[in-house]
Amino acid sequence: MDLAAAGQSVAMVERGMIGGTCINVACIPTKTLVNSARLLKTMRRAAEFGITGAESPAIDAVRLRHRKDDVVDTMVAGQRKSFLGSGMDLVIGEAKFVAERTVEVALDGGGTRTISGTNVVINTGMVPALPAIDGLAGASVLTSESILRIEELPSSIVVLGGGYIGAEYASMLHLMGVRVTVIHRGAHLLGREDADVGASVGEVFSRDGVDVRLGVEATRVTRAADGTVTVELSDGGTVSAGQILVALGREPVTAGLGLEKTGVHLTPRGFVEVDDHLRTTASGIWAAGDVAGSPQFTHASWNDYRILKANLAGGDLTTTDRLVPYCVFITPELGRVGLSEAEARAAGHNVRVARMPVSAIPRARTLGQLDGVWRAVVDRDTHLILGAALLSAEASEVIAVVQMAMLGGMRYQQVRDAVITHPTMAEGLQLLFSDAFLG
Ligand SMILES: Cc1cc2nc3c(=O)[nH]c(=O)nc-3n(C[C@H](O)[C@H](O)[C@H](O)COP(=O)(O)OP(=O)(O)OC[C@H]3O[C@@H](n4cnc5c(N)ncnc54)[C@H](O)[C@@H]3O)c2cc1C
């Protein structure tokens, strides 16, 4: 868009989702729904907060979906307007390479079109993976995308996978009143996090009534004539529910792109191979976002765009050493930045760990949201903050404060001793880095 606005000749090919995965089927619709789920949770507690007249709030699935669609549609329309306003050639159809730096587009409206460029950017994203589990393919399962189109909430659901996407959906659906069972192969939820962070999430889930099964895999899935889905488990048990959501990972979109017509190589995990400037192995072909193996977040893809924009103009920006935070929008949410404790130790740091219950934060008391635990990892020698995992209300906002401190090279004492607005959740960082909680 920027290049087109600057007068360059730019064609962007999109096979249908203007604005991409985030706006259409990922971050934006899911966080819109999470907001409704949290609102419902708060309303159920209304009496506790001194409010009467909200005794039996409930989800209206039709309105819920309308609101989500409205948010998505508004953002898609905004993107379309910006794209067209930039002067780019927005081509709706499916692209595949037919030669180096030349793609053929199967146009949405029929016919084909061939487009060549001095530079080509591959930014095709990822889609949900459906692993080879016996019966899965024929059991009309839901994915993170198709679940957004269901007409009514099921009374019960089995979520296969307790990673970021599975956990977010499990948390949200549970708050909406769906009976949720999570099947997770690992020893704790959110397998890439430190064990006690994952365990804290599991504790909140279990205490709230989500049935969390750890250390087990689905071995077979069947759907009965009455619609009931039954999942057979590796420990010999079974779970039945009205729906099943498969959240067992995502795979990069490279099949069918005709990459064999180019010199573009894939990594062993199937991503487009790029160097730290986002150049692929083929001259003039670049890749960005999920498909290029960047951290699978919209803000990482957005940062790739900034790097690409500079490098296409002859710049020298790289992806090396960037600090990519993220949030898992369970309730309470998990904000993460930097190294986990395990990563910090593996990297040879002399580590100190700060650990604090969220109930210690005055703002958490005023909000009535005492669930969660905050954790940070500090280098004992340099006093620099190496990373943080904040499980609490507002963690997605507070984690940016930690990120800024890390980017600014601040020692933990500078955060501890800063004057931070009272009473805010961010103020809790002073407590976290105090002698009371820093081990
Ligand atoms: C349920 C869910 C929730 C998420 N929540 C968050 C969140 O809260 N925060 C966050 O940061 N990240 C979140 N993510 C991850 C985030 O959505 C992705 O990291 C991000 O969208 C990746 O952007 P991208 O630019 O790499 O590609 P995408 O946005 O995936 O764009 C790729 C586009 O390429 C198109 N395409 C593919 N092949 C072709 C072809 N052959 N021809 C033409 N067009 C093609 C696709 O239609 C798509 O529109 C979530 C993901 C999921 C699944």
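About the thresholds
Residues numbered from 1 in each chain as written. Predicted model: local features only at pLDDT ≥ 70, side-chain atom pairs only at ≥ 80, totals over all residues. Pairing = 2+ DSSP bridges. Helix = DSSP H or I, 4+ residues; strand = E, 2+ residues; numbered from the N terminus. Axes fitted to C-alpha atoms, helices over the stretch in contact; angles between N-to-C directions. Contact = placed C-beta atoms within 7 Å. Domains from an automatic or database assignment. Nonpolar A, V, L, I, M, F, W, Y, C, P; charged D, E, K, R; others polar. Buried ≥ 20, exposed ≤ 12 C-beta atoms within 10 Å, placed from the backbone. Right-handed = clockwise from strand over helix to strand, strands pointing away. Near = placed C-beta within 6 Å. Parallel < 35°, antiparallel > 145°, perpendicular 65-115°, else oblique. Left-handed = near helix turned anticlockwise from the far one by under 90°. Expected span 1.5 Å × (residues − 1). Arc of directions from axis to C-beta.

### Looking at the pairing of strand β3 (residues 102–107)
Phase 1 of the analysis: In the sheet, strand β2 (residues 89–99) pairs with β3 via six bridges, with the strands oriented antiparallel. In the strand pairing of β3, E94 is matched with A106.
Phase 2 of the analysis: Counting the residues in the hairpin turn of β2 and β3 gives two residues, including R101, whose phi is positive at 60°.
Phase 3 of the analysis: Relative to strand β4 (residues 112–116), β3 runs antiparallel, the two sharing five bridges. The residue bridging E104 from the neighbouring strand is T114, located in β4.
Phase 4 of the analysis: Between β3 and β4, which pair antiparallel and follow one another directly, the connecting turn spans four residues, one of which, G110, has a positive phi of 100°.

### Side note on the sheet that holds strand β13 (residues 243–246)
Phase 1 of the analysis: Across the sheet, four strands lie side by side as β9-β8-β7-β13; this open sheet has parallel pairing. Strand pairing shows two members of the sheet lacking a second neighbour, β9 (211–214) and β13, which therefore form its edges. Strand-to-strand, the axes of this sheet are offset by a mean angle of 15°, without reference to chain direction.
Phase 2 of the analysis: Strand direction decides the pairing type here: strand β7 (residues 156–160) and β13, joined by four bridges, are parallel. Bridging across to β13, V159 finds its partner in L245.
Phase 3 of the analysis: Contacts from helix α5 (residues 164–175) reach β7, β8 (179–184) and β13, with the element oriented near 165° to β8.

### Observations concerning the domain arrangement of the protein
Phase 1 of the analysis: The domain boundaries assigned to the protein delineate domain 1 (1–118), domain 2 (142–248) and domain 3 (332–432).
Phase 2 of the analysis: At the junction of the two partners, domain 2 supplies six residues and domain 3 supplies nine residues.
Phase 3 of the analysis: Tallied by class, residues from the side of domain 2 that touches domain 3 come to three nonpolar, one polar and two charged.

### Comments concerning the environment of I330
Phase 1 of the analysis: If you trace the backbone, I330 turns up in the loop between β16 (326–328) and β17 (333–338).
Phase 2 of the analysis: A tally of 25 C-beta atoms within 10 Å means that I330 is categorised as buried.
Phase 3 of the analysis: Placed 165 residues apart in sequence, I330 and I165 show a C-alpha to C-alpha distance of 9.4 Å.
Phase 4 of the analysis: Ignoring any residue separated from it by four or fewer positions in sequence, one finds I330 in contact with A167, E168, S171 and V201.

### Considerations on the pairing of β9
Phase 1 of the analysis: Pairing of β8 with β9 involves four bridges; the strand directions are parallel. Along β9, the bridge assignment pairs V182 with V212.
Phase 2 of the analysis: Crossover handedness for the path β8 to helix α6 (residues 195–208) to β9: right-handed.

### Looking at the site of the ligand
Phase 1 of the analysis: Near the ligand you find 30 residues, and of these G20, T21, G125, G289 and F297 are the closest.
Phase 2 of the analysis: When residues of the shell around the ligand are traced back to their parent elements, those giving at least two are β1 (11–14), α2 (20–25), α3 (27–44), β2 and α7 (298–312).
Phase 3 of the analysis: For the shell around the ligand, a count of residues per class yields twelve nonpolar, 13 polar and five charged.

### Considerations on the packing of α3 against α5
Phase 1 of the analysis: As a packed pair, α3 and α5 sit with axes 8 Å apart at the nearest point and diverge in direction by 40°. Our classification of the angle between α3 and α5 gives oblique. Classified by chirality, the crossing of α5 by α3 is left-handed. Of the residues in α5, those in contact with T30, L33, V34, A37, R38, L40 and K41 of α3 are E168, M172 and L175.
Phase 2 of the analysis: A class-by-class count of the residues in the contact of α3 with α5 yields six nonpolar, one polar and three charged.

### Looking at the packing of α3 against helix α4 (residues 61–85)
Phase 1 of the analysis: Closest axis-to-axis distance for the α3/α4 pair is 9 Å, and the angle between their directions is 140°. The angle between α3 and α4 places the two elements in the oblique class. Our pair here, α3 against α4, has a crossing hand that is right-handed. Taken together, the residues of α4 that come into contact with α3 (itself represented by I28, P29, T32, L33 and S36) are L64, R67, K68, V71, V72 and M75.

### Structural notes on α7
Phase 1 of the analysis: The end-to-end C-alpha distance of α7 is 21 Å, a good match for the 21 Å that 15 residues give at a rise of 1.5 Å each.
Phase 2 of the analysis: Turning to α7, its buried residues number three or more, namely S301, D304, I307 and L308. For α7, the buried positions fall inside an angular range of 115° around the axis, keeping them on one side.
Phase 3 of the analysis: For α7, the secondary structure elements touched by its buried residues are β5 (120–122) and β15 (285–287).
Phase 4 of the analysis: Just downstream of α7 lies G314, where phi reads positive at about 90°.

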